[in-house]
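Observations on chain architecture
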Amino acid sequence: MNYGLEVTLNILCPFDMEQISSNTNWKAIHETLQHLNLIGITISPEFVIESISSYTLTKTGWHAEELIGKSIFDKLIPVEDEYEIRQMLEEGFSGKRKLEKREIPFLAKKGTVRTFSINSVLIQDQEDGKQYITLVGDDITRRRRTESSITKSNAQLQDLVDNTSDLIQLVAMDGKFIFVNKAWREVLGYSVDEIASKMLEDIIHPQHFREAITQLDEIKLGKSNPNFEAVFLSKEGKKVFVR
């Protein structure tokens, strides 16, 4: 029993991250980012924040003067993630690692953690000749929280159905098993792999087959049948009465 969430995010930028060349001015990029609802942070090889977009400040709750001129690790990166992010940036500056899109946790001023989907680009500034890395992306905190909530709910539901003594099954209109719980598998004796290859008709006892199929046909036609009854056949050949 699994419910998935898939969200596609398209970020429209007036510049192509892959085409920012060695004669790009990071200050010009900063000015562009100030007019967009995008995360934008430029840092030096010493990890000092040179610029930060207003959208980033809004999302994190910090003021520009609290961050600019200070290390990105002073207030923005959680301690437990510092080593990994520092290594990524060091290798990015040295050219040992290609800068790729990734998710980075950022600390908000209130102490909460926000998740940003980040594209990084190495810039050779045309004015001072120094290298900078600009992080550009979007805030995906709400999406990650939603996905986490769904995952937790699914786990709780799975735990509930697997710890009941009732036999629970979910069957498609064509008779294919979509889901059966632990009690169902234990009583009927079939493994997960065996169930995947069987149809509902395969486990109905031959002596009660016609009666069960008639009820199923009525359900397929949209008729309500709260008192559905059937006799299943376990792997060992024993009758199992279900309703």
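These figures come from a predicted structure and were not determined experimentally. (Residues numbered from 1 in each chain as written. Predicted model: local features only at pLDDT ≥ 70, side-chain atom pairs only at ≥ 80, totals over all residues. Heavy atoms only, no water.)

Attention now goes to the overall build of the chain. If you tally the helices and strands in the chain, you get nine helices and nine strands. Looking at the chain residue by residue over its 243 residues, the buried ones come to 38%. Long-range contacts, defined here as pairs at least 24 residues apart, represent 46% of the contacts in the chain between residues at least 6 apart. Accessible area of the chain: about 14700 Å², with a carbon and sulfur share of 49%. (Helix = DSSP H or I, 4+ residues; strand = E, 2+ residues; numbered from the N terminus. Buried < 20%, exposed > 50% of the residue type's maximum accessible area, 1.4 Å probe, protein only. Contact = heavy atoms within 4.5 Å. Areas by Shrake-Rupley, 256 points an atom, 1.4 Å probe, with all protein chains shown as cover.)

Residues that lie three or four places apart on an α-helix share one face, since the helix turns once every 3.6 residues. Here helix α5 (residues 82-94) contains 13 residues, and its C-alpha end-to-end distance of 18 Å stays within 8% of the 18 Å for a straight helix at 1.5 Å per residue. Contact partners of the buried residues in α5: β1 (39-43), α4 (72-75), β3 (102-107), β4 (113-124) and β5 (131-139). Directly beyond the C-terminal end of α5, a positive phi value near 85° is found at Gly95. (Expected span 1.5 Å × (residues − 1).)

Below, the discussion takes up the pattern of salt bridges. Per the stated rule, a full pass over the model turns up eight salt bridges. Two residues, Glu66 and Lys109, come together in a salt bridge whose shortest N-O distance is 2.9 Å. Taken as a pair, Glu66 in helix α3 (residues 64-67) and Lys109 in the loop between β3 and β4 lie far apart in primary sequence, 43 residues in all. Since its relative accessible area comes to 40%, Lys109 is described here as partly exposed. Here Glu194 makes a salt bridge to Lys235, at a shortest N to O gap of 2.6 Å. Taken together, the residues span a long stretch of sequence, with Glu194 in helix α8 (residues 192-196) and Lys235 in the loop between β8 (230-233) and β9 (239-242) at a distance of 41 residues. A relative accessible area of 24% places Glu194 in the partly exposed class. (Salt bridge = Lys/Arg side-chain N within 4 Å of Asp/Glu carboxyl O.)

Turning our eyes to something else, we now look at the packing of aromatic side chains. Taken as a whole, this structure holds four aromatic pairs when the rule is applied. Pairwise contacts between aromatic rings join Phe177, Trp184 and Tyr190 into one cluster. Positioned above the aromatic ring of Phe73, the side-chain terminus of Arg86 is 4.3 Å from the ring centre. (Phe/Tyr/Trp six-rings, centres within 6.5 Å; stacked < 30°, edge-to-face > 60°. Lys NZ or Arg CZ within 6 Å of the ring centre and 35° of its normal.)

With that settled, the discussion passes to the sheet that holds β1. One open sheet holds the five strands; their spatial order is β2-β1-β5-β4-β3, and the pairing between them is antiparallel. Strands with a single pairing partner mark the edges of an open sheet, and in this sheet they are β2 (49-52) and β3. When strand polarity is set aside, the average angle formed by the axes of neighbouring strands in this sheet is 35°. Strand direction decides the pairing type here: β3 and β4, joined by six bridges, are antiparallel. (Pairing = 2+ DSSP bridges. Axes fitted to C-alpha atoms, helices over the stretch in contact; angles between N-to-C directions.)

Right, let's talk about the environment of Ser120 for a bit. Residue placement: Ser120 occurs in strand β4. Along the sequence, Ser120 and Val136 sit 16 residues apart, while their C-alpha atoms lie 6.3 Å from each other.

Residue placement: Lys59 occurs in helix α2 (residues 54-60). Measuring from C-alpha to C-alpha, the distance between Lys59 and Asp139 comes to 7.8 Å, with 80 residues separating the pair along the chain. In this structure, Lys59 is in contact with Ile39, Arg114, Phe116 and Asp139, ignoring residues within four places of it in sequence.

Next up on the list: the confidence of the model for the chain. Of all residues in the chain, 88% attain a pLDDT of 70 or more, and the chain-wide mean is 82. Counting contacts from residues 1-15, a segment whose pLDDT is below 50, to residues more than four positions away or on other chains yields 25 contacts. (pLDDT = per-residue confidence, 0-100.)

The next point concerns unusual backbone geometry. With phi around 70°, Phe47 is a residue other than glycine that occupies positive phi space. In this fold, Phe47 is placed in the loop between β1 and β2. By relative accessible area, Phe47 is classed as buried at 7%.

This part is about helix α9 (residues 209-220). Between the first and last C-alpha of α9 there are 16 Å, a value that for 12 residues agrees with the 16 Å anticipated at 1.5 Å per step. Restricting attention to buried positions, one finds in α9 the residues Ala212, Ile213, Gln215 and Leu216. End-on view of α9: buried residues confined to an arc of 160°, all on one side of the axis. Just downstream of α9 lies Gly222, where phi reads positive at about 95°. (Arc of directions from axis to C-beta.)

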